[in-house]
Amino acid sequence: MQLYLREINKNDQGELLQMVNEIKNDTIEDKFEGFRDIQYLNEENFNDFLIEREHNKNMKLYRPDLVNQTTFILVDDSNHIYGGTNLRHELNDNLLNFGGHIGYLIRPSERRKGYGTLILSLVLKECQKRGITKVLVTCREGNIGSAKVIEKNQGIYENSKKKVEDNKIYRRYWIELH
Ligand SMILES: CC(C)(COP(=O)(O)OP(=O)(O)OC[C@H]1O[C@@H](n2cnc3c(N)ncnc32)[C@H](O)[C@@H]1OP(=O)(O)O)[C@@H](O)C(=O)NCCC(=O)NCCS
């Protein structure tokens with residue numbers, strides 16, 4: 001089956017809300033890590049959510065201290081959603097230390113099937129299209145699945161940094177694209 005990344009549209013409401021409910025029932029620490037934008041999504045605010053996606057692509061126009069960001073979902077031909085990812089088009093101080101260029105999440109029912117590795121490989125292609133050739137990807141220490149996803153995508157570990165705000169350590173990896 002062919003899976004690909006695309007931006008969210010109005011027809012995705014049902015699938016996306018199902019995915020949000022699935023994640024809410026997850027038992028892991030920090031369930032929405034990597035794709036936090038969807039945690040407050042509901043039927044009432046779906047249109048605002050779509051408007052916000054557009055807004056985020058030009059965020060620097062409104063908030064020069066923030067960076068532009070594009071959101072993608074991983075879907076198949078029947079528009080089943082496997083997960084989501086955010087691509088930050090550049091780094092600011094906070095992203096350089098902790099957040100990196102890319103966040104991602106695979107819905108619990110689709111984990112451990114290779115989709116985490118796939119979503120990162122596909123969003124790296126989106127980086128390439130935008131001329132981002134040195135990509136920073138980070139993960140919280142102890143997030144073994146995410147560390148493996150990064151390493152399987154040729155992430156080279158640089159170091160770990162502790163974030164004062166949440167008292168957590170983040171592993172920082174660079175991926176060079178050619
Ligand atoms: C991290 C995450 C994206 C991994 O997605 P996934 O679809 O399970 O990843 P894959 O199936 O591609 O797995 C990649 C490797 O990690 C391993 N792995 C995945 N989850 C794991 C876990 N919880 N513990 C140990 N290993 C794990 C897989 O077995 C696989 O290893 P292998 O190739 O040696 O067999 C997913 O667990 C998730 O969405 N977690 C919550 C959000 C999150 O943490 N996002 C990342 C923020 S940095």
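Up top is the structure.
Residues numbered from 1 in each chain as written. Predicted model: local features only at pLDDT ≥ 70, side-chain atom pairs only at ≥ 80, totals over all residues. Heavy atoms only, no water.

Participant: Before we move on, could you go through the overall build of the chain and cite the residues and values that matter?
Facilitator: Along the backbone of the chain there are six helices and seven strands. Listed by position from the N terminus, the elements making up the chain come as β-α-α-α-β-β-α-β-α-β-α-β-β. A compact globule built from 178 residues should have a C-alpha radius of gyration of about 16 Å, and the chain, at 16 Å, falls within 12% of that. Counting across all 178 residues of the chain, residues that qualify as buried make up 45%. (Helix = DSSP H or I, 4+ residues; strand = E, 2+ residues; numbered from the N terminus. Rg over C-alpha atoms; globule rule 2.2 N^0.38 Å. Buried < 20%, exposed > 50% of the residue type's maximum accessible area, 1.4 Å probe, protein only.)

Participant: Would you mind going over the environment of Lys60 in detail, with residue names and values included?
Facilitator: Take Lys60: it is sitting in helix H3 (residues 59–62). Classification of Lys60 as partly exposed rests on a relative accessible area of 33%. Not counting chain neighbours up to four residues away, the residues in contact with Lys60 comprise Leu66, Val67, Asn68 and Glu90. (Contact = heavy atoms within 4.5 Å.)

Participant: Before we move on, could you go through unusual backbone geometry and cite the residues and values that matter?
Facilitator: For Gln154, which is not glycine, the phi dihedral falls at a positive 65°. Positioned with a positive phi, Asn167 is a non-glycine residue whose angle comes to about 60°. Relative to the helices and strands, Asn167 resides in the loop between strand E6 (156–163) and strand E7 (168–176).

Participant: Describe the side chain of Asp76, and please don't skip the residues or the numbers.
Facilitator: The residue Asp76 is located in the loop between strand E2 (69–75) and strand E3 (81–88) in this model. Here Asp76 is buried and forms no salt bridge, its nearest opposite-charge partner Arg6 lying at an N-O distance of 8.1 Å. In terms of polar contacts, Asp76 uses its side chain to reach the side chain of Ser78, at 2.9 Å. Within the structure, the side chain of Asp76 is placed 2.7 Å from the side chain of Tyr82, a separation counted as a polar contact. Those residues in contact with Asp76 that sit more than four places away from it in its chain are Met1, Gln2, Leu3, Tyr4 and Tyr82. (Lys, Arg positive; Asp, Glu negative; His and termini not counted. Salt bridge = Lys/Arg side-chain N within 4 Å of Asp/Glu carboxyl O. Polar contact = N/O pair within 3.5 Å; in protein donor to acceptor, adjacent residues only side chain to side chain.)

Participant: Provide a residue-level description of helix H5 (residues 115–129), including the pertinent values.
Facilitator: Here H5 spans 21 Å end to end across 15 residues, near enough to the 21 Å set by a 1.5 Å rise per residue. Here H5 has its buried residues at Tyr115, Gly116, Ile119, Leu120, Leu122, Val123, Leu124, Glu126 and Cys127. Gly131, located one to two residues past H5, shows a positive phi value of around 80°. (Expected span 1.5 Å × (residues − 1).)

Participant: Account for the site of the ligand, with residues named and values stated.
Facilitator: With respect to spatial proximity, 21 residues lie near the ligand, and among them Arg112, Gly114, Thr117, Asn143 and Lys152 are the closest. Between an oxygen atom of the ligand and a side-chain N or O atom of Thr117, the distance comes to 2.6 Å. Across the complex, the protein chains shield 77% of the 910 Å² of accessible surface that the ligand would expose by itself. Among the secondary structure elements, those contributing two or more residues to the shell around the ligand are strand E4 (102–106), H5, strand E5 (134–140) and helix H6 (144–152). At six residues, the largest contribution of residues to the shell around the ligand is made by H6. Class assignment for the residues of the shell around the ligand results in eight nonpolar, seven polar and six charged. (Near = heavy atom within 4 Å. Areas by Shrake-Rupley, 256 points an atom, 1.4 Å probe, with all protein chains shown as cover. Nonpolar A, V, L, I, M, F, W, Y, C, P; charged D, E, K, R; others polar.)

Participant: Lay out the pairing of E4 in plain terms, naming residues and giving numbers.
Facilitator: With five of its five residues buried, E4 lies for the most part within the structure. Judged by which residues are buried, E4 turns out to be covered on both faces: Ile102, Tyr104 and Ile106 on one side and Gly103 and Leu105 on the other are all buried. Bridge count between E3 and E4: five bridges; the pairing is antiparallel. In the strand pairing of E4, Gly84 is matched with Leu105. (Pairing = 2+ DSSP bridges.)

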